[in-house]
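Understanding the architecture of this molecule
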Amino acid sequence: MEAVVPHEITTELTQILANLVLGDNKIRSNAEQAVNDRLVQTPDLYLLALAQFSITADTEVMRSFSLVLLRRLLFRAAPGQQPREGRLTLYDQLPAHALTTLERLLLHSLSHEPLDAVRRKTVDTVCDLANNSMSRGRPWHALQAQTFTMTQTGEAGFRECAYRLFSGCPNLVMDLQTDAVLTVFRKGLQDSQSVEVRLAALRASVSYLTACDQHQLSHSLSLLYPMLDTLPSLPNIHLKSFLSSLTPLCSSHPNLFVPHMNALLSFLRGLIMPSVDSGPTPTVAKPFPGTSSSFTFPPGGSGSRISDDSDEVTEDEEKELVRKAALEFMVSITEAKPTLAKRSEGWTAAMVRASLEGMGELPEDTLDSWLEADPSEDAQDENYPHVYEQSLDRVACALGGKAVLPPAFQYIPSMLANYDWRLRHAGLMAIAAIAEGTSKVMQMELGKVVDLVTPMFKDAHPRVRYAACQCVGQLCTDLEEIIQDRYHEQLFAALIPTLEAPEPRVHSHAAAALINFCEGVERDTLAPYLDPIVERLLKMLNPGAEDGKAVKGYVQEQAITTLAMVADASEATFAKHYTSIMPLLLNVLRNANSSDHYKLRAKAMECAGLIAIAVGRNVFRADANTLIELLIKIQNSPVDPSDTMLPNFLIATWAKICQALGTEFEPFLPVVMPPLLNAASAKADVSVYDDEDDVGEMREGWETISMDGQVVGIRTSTIDEKCQAFDTLVVYCTTLSGRFAPYLTQSLELSLPALKFYFHDGVREAASRLIPLLFSCGKQSGTLTSQMVAASFLQLIHSIRAETDPSFLSSLYRALADGLRVVGIPALTPDLQAALIEATKHQLQTLADKRKRRADSPEDDREELALLEEVEEFALEDMEKLLKMLDGQHPLLVAVSSVRDLGFNQWDSEEERDSDG
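Residues numbered from 1 in each chain as written. Predicted model: local features only at pLDDT ≥ 70, side-chain atom pairs only at ≥ 80, totals over all residues. Heavy atoms only, no water.

Attention now moves to the overall build of the chain. Helix and strand counts for the chain come out as 44 helices and three strands. Looking at the chain residue by residue over its 917 residues, the buried ones come to 51%. For the chain, contacts bridging at least 24 residues in sequence account for 73% of all contacts bridging at least 6. Only carbon and sulfur atoms are counted for the fraction: they give 51% of the accessible area of the chain, which is about 41,300 Å². (Helix = DSSP H or I, 4+ residues; strand = E, 2+ residues; numbered from the N terminus. Buried < 20%, exposed > 50% of the residue type's maximum accessible area, 1.4 Å probe, protein only. Contact = heavy atoms within 4.5 Å. Areas by Shrake-Rupley, 256 points an atom, 1.4 Å probe, with all protein chains shown as cover.)

Quick look at the structure:
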């Protein structure tokens, strides 16, 4: 092909690319700088040179690399652009003739590249270019024509790439006649020569159906038949990929599968069950291998699949991957359209049983290493069947107790009685997994469930007793208050002795389960059991165990955490144990300074603070100065970057001490406020990436979110600390009121901009609560000025107008109303009141438009819409309260009622919702 850039640029680029792929960091870094410099000077020449190099380079590696680099550079922010300003890319700076040449070069690569691997890189780059070009109003008709031509070629690799293009850029076919598109896709789905072509055609079909409007979709339903017909003849090595490619369609368009549910169940049921000779299962499929007869489920299996016996280990691994993919397919349909799963007889039972079977497949001979492992670092956890447990949890949450409990408890009792510890373990974990989703129905039979679980605390196998602790802890969370109120005797009778189990992992997990129990227990219910609980927790905390072995660090951490929760739940009745525990905690804070004790020290801080609140200032006062001195010493010590827990726990503990001491905490404000204000003023540590490929492996303490078409990395540790700081400011201001006046101005200056800190909802919520508290502090101390009030109201009103989250909108209206209660209605000047009315009109219009759109989309999930409207109702309620404060007959009150009336009837009755539960 004729060269499109000068020879010297090609030569220079060849050297730069060669340097970029070298392992030497300095050479590579210089090459990266050279690329950036050239792109600043003549971006069109170097981008075209890259495209040309993808055709002319001698090696597969360099052709592939130039395509990958071209793809990443084209839509990178143009040099000199701020990441969020206008978002101009290098592509946007290319003149029209350069774009035409670029498209021509890539089409040449697509049609002439001899190697499949490189051609796939071309497809990726072409799809990016096509999607971005079309979004900017530039069609690419030549690509459309060439792609259709490639579907007719005799070489399978080119046909595969054609369907990859349709998959990556569905806009290539969206404006064509539906029948013509379906004909091309059917041909690919039925390609007899290549499974890769069929897979690419399947993915293209999924992309097309996902992108269709309602009219196109109604004319494309027949495509599902050839799509699903690709599955039965596949060997396991390919079946997983086909199922995984179909699964996104289950979530986005579950209704497409309605006519196919029976056929799907017949096929998938054979895939999601283990082999019938896999040993004891919940129904003891073949307990005695070697005997001839066995019960198989489902009858006939799935004989149409091709098996390859060449490598037994690989075959088993492939079969397991297929099994998980098939189960994910079924669960995805179930979550997207629960009524469809409920109406399909046998669908729910198959998923439940498959999940139970999978949960019982733990490695057998690993007890010694499990007992020795620290739970937070247990490598064996990788072998745990998480997929099956999570599937059961998801099915239960989607379908509720009426659908899930009967098939689950068809097997769970026999699992708990099975001689294989793995099935007893799985039965308990299954109860824990389904508790959340089935709680409304499970509570009616809760006594039977408790009777099944509590005997398992005496099981011979430590992992079964561990699972019993897990099960009870989860039940206490998912049926909070109900199980604690009705069955505390049985549960305490099981948990308290388990605190003395010989295995550290078991007794520490029993302590963890007590935390869940205490979160929903009444103080008077806990009181009779306080002594034996505290006695055993102190024994766990004692570093010199009776058998001479040192207590494991994670056990001490758990014991301290549980003591804190028990103190919090028992309140003043915990005072009798204060003198036994507080000296131990102070000792930990004095001595736990090495890196392997950082977590223990943080837990001891938290526990000391909660105990101080529980027993009250009169009991705590004797140790208050000692604890405060220790915290000041820790706060002033050199910072170890690896101790990520310390900043949050330190801030939180100061807040607890303030709550315990009340106004007596005032003298310590000069010590605690500077670092607190520093944490509250922290900016979000953000990295903006052009695309997900740039992110690489995220550092610990960082998360990514998509925002305005970009990938944004956020350092969560910083913003979590900021949130903790704002929560603590709320505590100080509430507790000290007028005595907090010296910090009023700084706190208000931090709170107002924090209302728009979109990286963390907790920061915004705390800031909205803090503003009226600061008004109260200023009013009591005589330091609140009219300028402060006006600036605060103005910021709140601006935030109300701009807010898109109805949940936080509610908080903003509450903050404004609470502030007015402190300073009086006249503080809302006519200008401010007019701005508030305009902001409220804007929000009412927005809510009305949302509800009208929902009324036009009856297919949307009713329960999800009901939750959305419930949140909006709170916003309308707080809006209404504020308007009534201003004027009991305010004209906008009618508008609030009108918007409320636009909501659909969430449920015909509460009973109907419960009946689905």
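After that view, the rundown keeps rolling.
Moving on, we come to the packing of helix 11 (residues 178-189) against helix 12 (residues 195-211). For the pair helix 11 and helix 12, interaxial distance at closest approach is 7 Å and the crossing angle is 150°. As summarised for this structure, helix 11 and helix 12 are arranged roughly antiparallel, according to the angle between their axes. Where helix 11 approaches helix 12, its residues T178, V181, L182, F185, G188 and L189 are matched on the opposing element by V197, R198, A201, L202, A204, S205 and Y208. Of the residues contributing to the contact of helix 11 with helix 12, the split by class is nine nonpolar, three polar and one charged. (Axes fitted to C-alpha atoms, helices over the stretch in contact; angles between N-to-C directions. Parallel < 35°, antiparallel > 145°, perpendicular 65-115°, else oblique. Nonpolar A, V, L, I, M, F, W, Y, C, P; charged D, E, K, R; others polar.)

Moving on, we get to the side chain of E103. Residue placement: E103 occurs in helix 6 (residues 96-112). With a relative accessible area of 8%, E103 lands in the buried category. Apart from the residues lying within four places of it in its own chain, the contact partners of E103 are L129, R138 and W140.

Before going further, it helps to examine the packing of helix 30 (residues 553-570) against helix 32 (residues 598-615). The interhelical angle for the contact between helix 30 and helix 32, taken along N-to-C directions, is 15°, at an axis separation of 8 Å. Considering the angle they form, helix 30 stands roughly parallel to helix 32. Crossing geometry of helix 30 relative to helix 32 is assigned as left-handed. Contact with helix 30, carried on its side by Q556, E557, I560, T561, L563, A564, A567 and D568, involves K599, L600, K603, A604, E606, C607, L610, I611 and A614 of helix 32 and no other residues of that element. The residue makeup of the contact of helix 30 with helix 32, split by class, is 10 nonpolar, two polar and five charged. (Left-handed = near helix turned anticlockwise from the far one by under 90°.)

Attention now moves to helix 32. In this model helix 32 runs 26 Å from its N-terminal to its C-terminal C-alpha over 18 residues, within 8% of the 26 Å that 1.5 Å per residue would give. Most of helix 32 sits inside the fold, with 15 of its 18 residues counted as buried. (Expected span 1.5 Å × (residues − 1).)

Okay, the packing of aromatic side chains next. For the coordinates displayed, the defined rule picks out 16 aromatic pairs. Ring plane angle 90° and centroid distance 5.7 Å describe the contact between F257 and F329, whose orientation is recorded as edge-to-face. Residue F257 is found in the loop between helix 15 (236-252) and helix 16 (261-272), and its partner F329 is found in helix 17 (residues 312-336); the two are separated by 72 residues along the sequence. A residue is classified by how much of its surface remains accessible, and F257, at 0% relative accessible area, is buried. With a centroid separation of 5.6 Å and 80° between ring planes, the pair formed by F775 and F793 is classed as edge-to-face. Of this pair, F775 sits in helix 38 (residues 761-781) while F793 sits in helix 39 (residues 786-802), and the two are 18 residues apart along the sequence. Taken individually, F775 and F793 each receive the classification buried, so the pair is uniform in this respect. For the cation-ring pair, R119 lies above F158, with the distance from its terminal atom to the ring centre recorded as 3.8 Å. Looking at K722, its charged tip hangs above the ring of F757, at a distance of 4.9 Å from the centre. (Phe/Tyr/Trp six-rings, centres within 6.5 Å; stacked < 30°, edge-to-face > 60°. Lys NZ or Arg CZ within 6 Å of the ring centre and 35° of its normal.)

With respect to the helices, strands and loops of the structure, R63 is situated in helix 4 (residues 60-74). Overall, R63 belongs to the buried group, its relative accessible area being 8%. A polar atom in the side chain of R63 sits 3.2 Å from the backbone oxygen of A57. In terms of polar contacts, R63 uses its side chain to reach the side chain of E113, at 2.8 Å. (Polar contact = N/O pair within 3.5 Å; in protein donor to acceptor, adjacent residues only side chain to side chain.)

Let's shift gears to helix 22 (residues 401-416). At F409, helix 22 shows its largest bend, some 40°, and a proline, P413, comes one to four positions later. Buried within helix 22 are the following residues: G401, V404, L405, P407, A408, Y411, I412, M415 and L416. Packing partners of the buried residues in helix 22 comprise helix 19 (347-359), helix 21 (386-399), helix 23 (421-442) and helix 24 (446-453). (Bend = angle between axes of the 7 residues up to and from the residue.)

What follows deals with the pattern of salt bridges. Tallied over the entire structure, the rule returns 39 salt bridges. One salt bridge in this structure joins R769 and D727, with 3.3 Å as the shortest N-O distance. Residue R769 is found in helix 38, and its partner D727 is found in helix 36 (residues 716-736); the two are separated by 42 residues along the sequence. A salt bridge links R851 to E873; its shortest N-O distance comes to 3.3 Å. Pair noted here: R851 is in helix 41 (residues 830-855) and E873 is in helix 42 (residues 862-886), with a separation of 22 residues, a long-range link. Judged by relative accessible area, R851 falls into the buried class, the value being 1%. (Salt bridge = Lys/Arg side-chain N within 4 Å of Asp/Glu carboxyl O.)

Taken together, the side chains of E480, E481, D485, E519 and E522 present a region of like negative charge at the surface. By the element assignment, E519 lies in the loop between helix 27 (504-518) and helix 28 (523-526). (Patch = residues over 30% accessible without salt bridge, like charges linked within 9 Å, V, L, I, M, F, W, Y side chains within 5 Å. Lys, Arg positive; Asp, Glu negative; His and termini not counted. Charge placed at Lys NZ, Arg CZ, Asp CG, Glu CD.)

Next up on the list: the environment of C469. Take C469: it is sitting in helix 25 (residues 462-478). On the accessibility criterion, C469 (1% relative accessible area) is buried. Residues within four places of C469 in sequence aside, it is in contact with F457, T498, V506, H509, A510 and A513.

Moving on, we come to the nonpolar core. Ranked by internal contacts, the top residues of the largest apolar core, which has 293 residues, are F257, F620, F665 and F740. Here this core takes 12 residues from helix 23, the largest share from any one element. Residues in contact with F740, not counting those within four places in the same chain, are L669, M673, L729, Y732, C733, S747, L774 and C777. In terms of nonpolar packing, the next biggest core, distinct from the first, is built from five residues, W370, L371, Y466 and A501 among them. (Core = buried A, V, L, I, M, F, W, Y, C linked by side-chain atoms within 4.5 Å.)

This next bit is on the environment of L902. As for its position among the elements, L902 is in the loop between helix 43 (892-901) and helix 44 (910-916). Residue class for L902 comes out partly exposed when judged on its relative accessible area of 34%. Filtering out sequence-adjacent residues up to four positions away, L902 remains in contact with A848, R851 and K852.

So, about unusual backbone geometry. Even without glycine at this site, E481 takes up a positive phi of about 75°. Along the chain, the position of E481 falls in the loop between helix 25 and helix 26 (482-498). With phi around 55°, E571 is a residue other than glycine that occupies positive phi space. Within the secondary structure, E571 sits in the loop between helix 30 and helix 31 (578-591).

Turning next to the confidence of the model for the chain. Chain-level statistics for the chain give a pLDDT mean of 86 and a share of 88% at 70 or above. pLDDT under 50 marks residues 283-310. Its contacts with residues more than four places away, or in other chains, come to 38 contacts. When the criterion is pLDDT under 50, residues 906-917 qualifies, and its contacts beyond four places in sequence or with other chains add up to 25 contacts. (pLDDT = per-residue confidence, 0-100.)

Moving on to the environment of S64. The topology assignment puts S64 in helix 4. Note: C-alpha distance between S64 and V118 (54 residues apart in sequence) is 5.3 Å. Leaving out residues up to four positions away in the same chain, S64 has contacts with V118 and K121.

Within the structure shown, the criterion is met by zero disulfides. You can see C471 has no disulfide; the closest cysteine sulfur is in C476, sitting 9.5 Å from it. Distance from the sulfur of C733, which forms no disulfide, to the nearest cysteine sulfur (C777) is 4.8 Å. (Disulfide = S-S within 2.5 Å.)

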